[in-house]
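One-letter residues, chain by chain:
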Amino acid sequence: MDIGVIAKRYAKALLLFAQEQKAEDTVYQEVLQFIDSYGKVEQLATVLGNPLLPAEQKEQVICQAASIEVSPVFRKFATLVVAHRRESFMLFIAYSYVSLYRELKHISIGKLITAVPASEAVANRLEQLIEQRSQNSVDVILETKVDPSILGGFIFQLDDLRLDASVSSQFEQIKKQFIEKNKRII
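Note that the structure is a prediction, hence the values are computed from the model and not measured.

Asker: Looking at this model, I keep getting lost on the sheet that holds strand β1 (residues 107-114). Mind explaining?
Answerer: In space, the four strands of this open sheet follow the order β2-β1-β3-β4, with mixed pairing throughout. Two strands close off the open sheet at either side, each with one partner strand: β2 (139-146) and β4 (161-166). In this sheet, neighbouring strand axes are inclined to one another by 15° on average, regardless of whether the strands run parallel or antiparallel. Helix α7 (residues 120-133) contacts β1, β2 and β3 (153-158) of the sheet and is inclined by roughly 145° relative to β2.

Asker: Mind showing me how you'd approach the packing of aromatic side chains here?
Answerer: Working definition: an aromatic ring pair is given by the centre-to-centre distance plus the angle between the planes. Applying the stated criterion to the full structure yields four aromatic pairs. Consider the rings of Tyr28 and Tyr101, whose centres lie 4.0 Å apart with planes at 15°: the pair is stacked. Linking Tyr28 in helix α2 (residues 24-40) with Tyr101 in helix α6 (residues 90-105), this pair joins segments that are 73 residues apart in sequence. Judged by relative accessible area, which is 6%, Tyr28 ranks as buried. Residue Tyr101 is classed as buried on the basis of its relative accessible area, which comes to 6%. When the ring of Tyr97 is compared with that of Tyr101, the centres are 6.3 Å apart and the planes differ by 20°; the resulting orientation is stacked. Of this pair, Tyr97 and Tyr101 both sit in helix α6, four residues apart, which is roughly one turn of the helix. Comparing Tyr97 with Tyr101 shows no difference in burial state: the two are buried. Taken together, Tyr28, Tyr97 and Tyr101 form an aromatic cluster joined through their ring pairs.

Reading guide: rules and limits
Residues numbered from 1 in each chain as written. Predicted model: local features only at pLDDT ≥ 70, side-chain atom pairs only at ≥ 80, totals over all residues. Heavy atoms only, no water. Pairing = 2+ DSSP bridges. Helix = DSSP H or I, 4+ residues; strand = E, 2+ residues; numbered from the N terminus. Axes fitted to C-alpha atoms, helices over the stretch in contact; angles between N-to-C directions. Contact = heavy atoms within 4.5 Å. Phe/Tyr/Trp six-rings, centres within 6.5 Å; stacked < 30°, edge-to-face > 60°. Buried < 20%, exposed > 50% of the residue type's maximum accessible area, 1.4 Å probe, protein only.

Below is the structure:
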């Protein structure tokens, strides 16, 4: 079976269960923490994929990666995942849950990349503009990143939209036009 299909099914089940228990926000935070831990602790994937490790220990590892004190909803879900031997899919399930949660709560993630650090006021103003122009009251979480390689300007991403107004991309376009024009001369 396809990993994406499995992950989506488990994530939907977790979201529905969390909604029934009125704990979807808590579970969302725990899932984000699990994703963060998975990225920081290289051995986590190895431990979860180890067939010799008892199920109880795998459940404990999943819960500890999510939080010091996990909610009963997340703990029951970890038990279910391990019981069905899907612990190796846990990262994919977590990402699917995050996507479903954000879709449910109308949360969009924006990314602003600049050559120099953007001020807090600029980031807040950009968030407000996006929320005002949104058709269906979207909350925006804006992540800012500094990348000196873009030389100047900015790159803005929001869901599927990407606006590249960086100096480096403009130089690249000029270079392509110059090469194309010179090919015709020769």
